Amino acid sequence: MILIPIPSSDFDPSEASLPWKLLSESNFKFQFATPNGKKAKADERMLTGKGLGILKSGFMARRDARDAYFEMENSNEFQNPIPYSEINEKDFQAILLPGGHAQGMKEYLESKILQNVVVDFFHSEKPVAAICHGVLLAARSIDPKTNKSVLYEKNTTALLQKQELLAYYTTKLWLGNYYKTYPLTVQAEVTSFLKSKEQFKTGGSLSVRDSLGNPDVGFTVVDGNYVSARWPGDAYQFTNVFKRLL
């Protein structure tokens, strides 16, 4: 059983649904968790493109991810999440931390319950997969034994600063802080928790997204039982690497 914690709203549909679909097809089982145990909803703008204007085709979730999301949304496990307060690391084989950038993500990224859960998974040496802003949740998870982030000595990637700022400045005029969850970029904050800034890996090209038939276009970083990725364009390779860890 793989745990996927998500906020009540605004999580990225691609980063949750593509791993869910691909791993479900390999007979892995899932448990979703939300703040209050009620069914969540992904970032609507990423599903519809509303408000993105001429940037719609490049910024919203692609067709395969939207199809996977609507399939996931109708699944029994997605419709029956547990509350964060009922999560017990011992009940699960691994944890998957999706991302998302809209303001509804804050209850997930700032949850002390989830941060403690992430610490438990690192202590147990079970697989931990984090993508985009999900890496920020992991970075904020402070191990009480060391008083340092669980990522302190790990190599990692996350949403790149250039990606975040490009989306923010391109849409700031009409979307405001939609693409800027916090004043500090994800890359800057994640790097601040690491022993050395060289541990943050930026990867190669961002010009195309990976796919089922071409996962090698994506970029992931593996360090022990921890795998990280940058954005939805890495989702297929991210899932394949996570599957190998599982």
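The coordinates are above.
Residues numbered from 1 in each chain as written. Predicted model: local features only at pLDDT ≥ 70, side-chain atom pairs only at ≥ 80, totals over all residues. Heavy atoms only, no water.

**Some remarks on the pairing of strand β7 (residues 128-131)**
Neither face of β7 is open: one carries Val 128 and Ala 130, the other Ala 129 and Ile 131, and all of them are buried. In the sheet, strand β6 (residues 94-97) pairs with β7 via 3 bridges, with the strands oriented parallel. Pairing of Leu 97 across the sheet is with Ala 130, part of β7. Taken together, the 4 bridges between β7 and strand β11 (residues 226-229) define a ladder with parallel strand orientation. What sits directly across from Ala 129, in β11, is Val 227. (Buried < 20%, exposed > 50% of the residue type's maximum accessible area, 1.4 Å probe, protein only. Helix = DSSP H or I, 4+ residues; strand = E, 2+ residues; numbered from the N terminus. Pairing = 2+ DSSP bridges.)

**Details of the environment of Tyr 182**
Relative to the elements of secondary structure, Tyr 182 occurs in the loop between α9 (161-175) and α10 (186-192). Along the backbone, Tyr 182 and Arg 63 are 119 residues apart, and their C-alpha atoms lie at a distance of 29 Å. Each residue touching Tyr 182, except ones within four places of it in the same chain, is listed here: Lys 106, Leu 109, Glu 110, Leu 136 and Arg 140. Here Glu 110 takes part through its side chain, which lies 2.7 Å from a polar atom of the side chain of Tyr 182. Only 3.3 Å separates the side chain of Tyr 182 from the side chain of Arg 140, close enough to count as a polar contact. (Contact = heavy atoms within 4.5 Å. Polar contact = N/O pair within 3.5 Å; in protein donor to acceptor, adjacent residues only side chain to side chain.)

**Quick look at the side chain of Thr 181**
Along the chain, Thr 181 turns up in the loop between α9 and α10. One polar contact links the side chain of Thr 181 to the main-chain carbonyl oxygen of His 101, over a distance of 2.6 Å. Within the structure, the side chain of Thr 181 is placed 3.0 Å from the side chain of His 133, a separation counted as a polar contact.

**Quick look at helix α7 (residues 112-124)**
Under the 1.5 Å per step criterion, the end-to-end length of α7 is 18 Å for 13 residues, consistent within 8% with the ideal 18 Å. Among the residues of α7, those classed as buried are Leu 114, Gln 115, Val 117, Val 118, Val 119, Phe 121 and Phe 122. You can read the cap of α7 off the contacts: a side-chain oxygen lies 3.4 Å from the backbone nitrogen of Ile 113, and it is on Ser 111. Looking one or two residues past α7, Glu 125 carries a phi angle of roughly 60°, positive in sign. (Expected span 1.5 Å × (residues − 1).)

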